[in-house]
Amino acid sequence: METKNFQVVIKSYLEQLAELDAEFAVKYFDEGKKIEECCAYIISEMEKMVQNNVVGATDDEVYGLAVRYYLEDVKVDAKIGNHVRIVCNQIIELTEEEKEEARQKAIRQYQEEELHKLQSRKKPAVKKEIQVQPSLFDSQYETAE
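Residues numbered from 1 in each chain as written. Predicted model: local features only at pLDDT ≥ 70, side-chain atom pairs only at ≥ 80, totals over all residues. Heavy atoms only, no water.

1. Concerning the state of the cysteines
1) Next: Under the criterion given, the structure shown has zero disulfides.
2) Next: Cys 38 takes part in no disulfide bond, and the closest cysteine sulfur to it belongs to Cys 39, at a distance of 5.3 Å.
3) Next: Here Cys 38 falls in the buried class, since its relative accessible area comes to 0%.
4) Next: Take Cys 39: its relative accessible area is 0%, and that puts it in the buried class. (Disulfide = S-S within 2.5 Å. Buried < 20%, exposed > 50% of the residue type's maximum accessible area, 1.4 Å probe, protein only.)

This is the structure we're talking about:
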C-alpha cells in the first residue's frame, strides 16, 4: 500500500511542531523513532475505531496520534495491510522529477496492461465450412409432386 503522501503530510506537521516546541523536538529527533512506524501506529489506532469497514478522523485526531507516538513509549506493528486506504486532505506539490517519474510509471503500467490484453485475447476460431450431402429421399419427394 502506498503511504508516501500520508507520511509526507505527517512529517511536515511534526517538523513544524518541532520548530515551535523545543521539548517535542528532542523526542522527535530521537534515533529510535521513524516516520514509517509513526504512520503505522496511526493506522493501527484508527483500525481500532472501524465501524462497517470505514473510519474517519479529523486532522487534530491524526496529528494527536502522531505526537503521542513520539512522546510516549508505544509498541507498533510496523506492518500495514493492503486493506487500508488513506485519504489525505492536504495538497502535496510534486517536484518535476517526481512528476516525470509518475508519468513514466503510468506509461509502463498502461503498456503492460495493453500487452496483457493482446496476449490474453483469444484467436478467432477458424470456421469450417460444413458440407451438406444431398439426400436421395428429399429429391424423390420433390419430383413426385
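On we go from here.
2. Overview of the nonpolar core
1) Next: Counting residues in each nonpolar core, the largest one holds 23 residues, and the members touching the most others are Ile 10, Leu 14, Cys 38, Ile 42 and Tyr 70.
2) Next: Leave out the neighbours within four places in its chain, and Ile 42 touches Phe 6, Ile 10, Val 62, Leu 65 and Ala 66. (Core = buried A, V, L, I, M, F, W, Y, C linked by side-chain atoms within 4.5 Å. Contact = heavy atoms within 4.5 Å.)

3. Considerations on the packing of aromatic side chains
1) Next: Following the criterion strictly, the structure yields seven aromatic pairs and no others.
2) Next: With centroids separated by 3.9 Å and ring planes inclined at 5°, the aromatic side chains of Tyr 13 and Tyr 63 adopt a geometry described as stacked. Pair noted here: Tyr 13 is in helix α1 (residues 4-20) and Tyr 63 is in helix α4 (residues 59-71), with a separation of 50 residues, a long-range link.
3) Next: Classification of Tyr 13 as partly exposed rests on a relative accessible area of 28%.
4) Next: Ring centres of Tyr 41 and Tyr 69 lie 6.2 Å apart, and the angle between their planes is 35°; this geometry places the pair in the tilted category. (Phe/Tyr/Trp six-rings, centres within 6.5 Å; stacked < 30°, edge-to-face > 60°. Helix = DSSP H or I, 4+ residues; strand = E, 2+ residues; numbered from the N terminus.)

4. Some remarks on the pattern of salt bridges
1) Next: Counted by the stated rule, this structure contains five salt bridges.
2) Next: Among the salt bridges present, the one from Arg 68 reaches Glu 72, with a minimum N-O distance of 2.9 Å.
3) Next: A relative accessible area of 37% means that Glu 72 is categorised as partly exposed.
4) Next: Ionic pairing is found between Glu 96 and Lys 99, a salt bridge with its closest N-O pair at 3.6 Å. Note that Glu 96 and Lys 99 are positioned in helix α5 (residues 96-120) at a spacing of three residues, about one turn of the helix.
5) Next: Take Glu 96: its relative accessible area is 59%, and that puts it in the exposed class. (Salt bridge = Lys/Arg side-chain N within 4 Å of Asp/Glu carboxyl O.)

5. Description of the confidence of the model for the protein chain
1) Next: On average, residues of the protein chain score 79 in pLDDT, and 76% of them reach the 70 mark or higher.
2) Next: Within the protein chain, α4 carries the highest mean pLDDT (90), whereas helix α6 (residues 136-144) carries the lowest (57). (pLDDT = per-residue confidence, 0-100.)

6. With respect to the side chain of Lys 33
1) Next: Turning to its location among the elements, Lys 33 is positioned in the loop between α2 (22-28) and α3 (35-47).
2) Next: It is Asp 73 that comes nearest to the buried, bridge-free Lys 33 among opposite-charge side chains, at 5.1 Å.
3) Next: In terms of polar contacts, Lys 33 uses its side chain to reach the backbone carbonyl oxygen of Glu 72, at 3.1 Å. (Lys, Arg positive; Asp, Glu negative; His and termini not counted. Polar contact = N/O pair within 3.5 Å; in protein donor to acceptor, adjacent residues only side chain to side chain.)

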